[in-house]
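Residue-level listing of the chains:
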Amino acid sequence: MDILLQLAISGAIVGMIYAVIAFGYQLTFATSGTLNFGQGEALMLGALVGLSVFNAGISYWWVLPIASVFGALQGFFVEWVGVRPAMKIKSEFGWIMSTIALAIIFKNVAENIWGRDDLRFPSPLSDTPITFGDAYIDPMGLAVIGGAVVIMLAVEAFNRFTILGKAVVATANDRDAAGLMGINTRWVIALSYALSSLTAAFAGVLIAPVTLTGARMGASLGLKAFAVAIIGGLSSGFGAVIGGLILGIAEKVTGFYLSTGYTDVPGLLLLLLVLIIRPAGLLGKTTIKKV
Amino acid sequence: MKIRFQLAAAAVIAALSASPSHAADTIKIGVDGPFTGGSSSMGVSMRDGVLLAIKEINAKGGVLGRKLEPVLRDDEAKNERGVQIAQELIEREKVVATVGYINTGVALASQRFFQEAKIPVINNVATGTAITQQFADQPTRFVFRNSARDAIQAPMIASEAIDKRGFKKVAILADTTNYGKLGKDDLVKALAAKGITPVAIEQFNIGDVDMTAQLLRAKSAQAEAILTYGIGPELAQIANGMAKINWKKPMIGSWTLSMANFIETADKNSEGARMPQTFIQEPNTQRRKAFIDAYVKEYKPKNGIMPSPVSAAQGYDSIFLLAAAITQAKSTDGDKIREALENLNAKVDGVVTTYDHPFSAADHDAITDNIPVMGEVKGGRVVYAYQADAEKGSDIRLKKKK
């Protein structure tokens, strides 16, 4: 039993990381129907900028907001350079190419600034594990889970309770109608990109002490989170959490009970299954596209 | 077609007329290793050791009255980069010989080009047993090595775990690269020779950041020690992973447990890890003291600790072996250098050992199983694991004669 609990805990930590990034995919998809394929790179940049700020002697808990602000600016930039031009000419696929291109550029820039080696991000918390039933959880892992929940709740609260946030929701519901009501939908889309990169950068600083920090840390996380967004449904924030937990725990359980050589398989099988049975995702709303 | 022919002819003429005069200037030596990425602490240390040796030799007038010129290339630990570099070093740079190779996979993919071009390669870090056996079916072989091959390291690891520490149940954790897979096979073989079957054999990928599943399998199989075959960053994840699930068992593994990025990233979780080492950063002979002092002065490593002392020492020695062979061959012809390496008359005074006929036509490995010692991570650096070895550290361990 303690084994299963231990697998669930470490699966949940990884899963919540996937969930936060998947949540970022959803934010931009809701307002504009586009995705930032550089979401993993936004996380990587957040972590590396965070590391530099941290090394300059700033306390870890201040690094989080600073990296988040950087993430927001980076999100604005991606929207401005990569997405807006494609939307303007109503290109169906232009934004896919441009966000992927930007992701590659960010990775190369990061390699040149911070080098290609993985760097250590010192943990701000004690690394003595906490007993949790028969299993153990390290304090930073707990912080990852907590932080992921907090940032997702914060973005949800922003959307629900502020006037700007309501504009985001209105744009998500019906972009044309929102535009007619006097909402500057272009600005709202930019804002959603900023929010999505902000959550990614926040997550980057959060997981850096658990993993290692480096220019290549984003790629595989971004891809797995994309699978999570599909599994959970692109229109459901709760779906991202469920999808993240399912994938994270499935990886660990397969690793233990089947073979550690097959950890990536169950997630992808699940992805295929969801696409066949519920294409909108486990908790996603099925939308009818009128032609 | 005609133009292309003329171009080719022009190139041939240019090459013919340029090469003798150019070659008279310097002796070009290819230096290939991963200078960036997860293996870089080995690659950079090897490179620095090589450069230090070249500087010393050139200061004394070089070889055959000519200076040695290193041609440095970063293979990023990628097989395909290694292949490109091998071709470039042979075709464009026209190197006389090449030293380097940190990653077994890269070495196996790249050195066939040198074998075909009849240009000697001295592997100074890569340890895959297959490396010096790759062209066993050919009459002359151009691949040499002065690192401790896995077939030596694996029995040392097994003997440390089973004979010296008395463990009965051990788990193997190895990565999915050529290095990890071949090393794991050697380890299984070495354990079988002692009548031990590992209770768990687990794999992990380069870049994996969570080892919980692997460690829990080892734990539920009641392993008493973890035997590893991987490189720094992932080894650190194993050490940190054990702390996370509060299950701390001794780590014994291949020499990569001495890598700086393992010790730094795992920090106090790296304490006590043991691994075979051909060289410990301990100035116990004059030769070694001079080498360590020069290295620290020239490259100023953090806290005065070399990122990978073994790589630096073997890199350094590989150049002296090569220089001795070129001197004896009185030529930069690849085949003559190979012959000289296989029958080296001069004793080469290196920092790992003193090389007395290190190679023969049949044996291209300079290191035998009596040369490496067990090292242990202590206080952020690698020291002798056994006091007896430390006390006899100044005795040079010579290659066993058959």
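Here's what I pulled together on the structure shown here.

Conventions and cut-offs
Residues numbered from 1 in each chain as written. Chains lettered and ligands numbered in written order. Predicted model: local features only at pLDDT ≥ 70, side-chain atom pairs only at ≥ 80, totals over all residues. Helix = DSSP H or I, 4+ residues; strand = E, 2+ residues; numbered from the N terminus. Rg over C-alpha atoms; globule rule 2.2 N^0.38 Å. Buried ≥ 20, exposed ≤ 12 C-beta atoms within 10 Å, placed from the backbone. Contact = placed C-beta atoms within 7 Å. Pairing = 2+ DSSP bridges. Axes fitted to C-alpha atoms, helices over the stretch in contact; angles between N-to-C directions. Parallel < 35°, antiparallel > 145°, perpendicular 65-115°, else oblique. Nonpolar A, V, L, I, M, F, W, Y, C, P; charged D, E, K, R; others polar. Right-handed = clockwise from strand over helix to strand, strands pointing away.

1. Things to note about the overall build of chain B
Across its full length, chain B holds 13 helices and 14 strands. Computed over the C-alpha atoms, the radius of gyration of chain B is 22 Å, within 12% of the 21 Å expected from 2.2 N^0.38 for a compact globule of 402 residues. Dimensions of chain B, computed from C-alpha atoms along their principal axes, come out at roughly 70 × 55 × 40 Å. When the 402 residues of chain B are sorted by exposure, 54% land in the buried category. Counting contacts in chain B only where the partners sit at least 6 residues apart, residues at least 24 apart contribute 72% of the total.

2. Description of the sheet that holds strand β1 (residues 26-33) of chain B
Residues and elements named next belong to chain B. Pairing within the open sheet is parallel, and its five strands lie in the order β2-β1-β3-β4-β5. The sheet is open, and its two borders are formed by β2 (67-74) and β5 (143-145), each paired with just one other strand. In this sheet, neighbouring strand axes are inclined to one another by 25° on average, regardless of whether the strands run parallel or antiparallel. Two strands pair when backbone bridges link them, and β1 and strand β3 (residues 97-100) are joined in this way by four bridges, in the parallel orientation. Looking at the pairing, Gly30 lines up with Thr98 of β3. Each of β3, β4 (121-123) and β5 is contacted by helix α4 (residues 104-117), which is oriented at about 155° to β4, the strand it contacts most.

3. Looking at the packing of helix α1 (residues 2-32) of chain A against helix α9 (residues 217-232) of chain A
Residues and elements named next belong to chain A. Viewed as axis vectors pointing N to C, α1 and α9 meet at an angle of 70°, and their least axial separation amounts to 8 Å. By the angle between their directions, the pair α1 and α9 is classed as roughly perpendicular. Taking contact as the criterion, the partners of Ile17, Tyr18, Ala19, Ile21, Ala22, Tyr25 and Gln26 in α1 are, on α9, Leu221, Gly222, Lys224, Ala225, Phe226, Val228, Ala229 and Gly232. Of the residues assigned to the contact of α1 with α9, the class counts are eleven nonpolar, three polar and one charged.

4. Some remarks on the pairing of strand β14 (residues 381-384) of chain B
Residues and elements named next belong to chain B. Relative to β14, strand β13 (residues 373-378) runs antiparallel, the two being bridged by four bridges. When the bridges of β14 are listed, Lys378 appears paired with Arg381. Linking two consecutive strands that pair antiparallel, namely β13 and β14, is a turn of two residues; a positive phi of about 60° is found at Gly379 within it.

5. Digging into the interface of chain B and chain A
If you look at the interface, chain B gives 23 residues, while chain A gives 23 residues. Per-element accounting of the side of chain B that touches chain A gives the leading share, six residues, to helix α7 (residues 212-220) of chain B. Of the residues that constitute the side of chain B that touches chain A, the class distribution is seven nonpolar, eleven polar and five charged.

6. A word on the environment of A:Ile189
Residues and elements named next belong to chain A. Structurally, Ile189 is set in helix α8 (residues 185-207). Overall, the presence of 24 C-beta atoms within 10 Å leaves Ile189 in the buried class. With 104 residues separating them in the primary sequence, Ile189 and Pro85 have C-alpha atoms 13 Å apart.

7. Notes on the pairing of β1(B)
All names here are of chain B. Summarising burial for β1: six of the eight residues are buried, a large majority. Of the strand pairs in this sheet, β1 and β2 are connected by eight bridges, and their pairing is parallel. Bridging from a neighbouring strand, Lys28 pairs with Glu69 of β2. Regarding the hand of the β-α-β motif, the stretch spanning β1, helix α2 (residues 40-59) and β2 is right-handed.

8. A few points about the environment of B:Asn284
All names here are of chain B. Among the secondary structure elements, Asn284 is positioned in the loop between β10 (274-277) and α10 (286-299). Each C-alpha atom, one on Asn284 and one on Tyr299, is 21 Å from the other, the two residues being 15 residues apart in sequence. With residues near it in sequence (within four places) discarded, Asn284 still touches Gly393 and Ser394.

9. Brief notes about unusual backbone geometry
Most peptide bonds take the trans configuration, and most residues that are not glycine carry a negative phi. Residue and element names in this part refer to chain B. Of note in this structure, Leu64 is not a glycine but carries a positive phi near 55°. In this fold, Leu64 is placed in the loop between α2 and β2. One non-glycine residue, Glu76, lies in the positive phi region at around 55°. Residue placement: Glu76 occurs in the loop between β2 and α3 (79-91).

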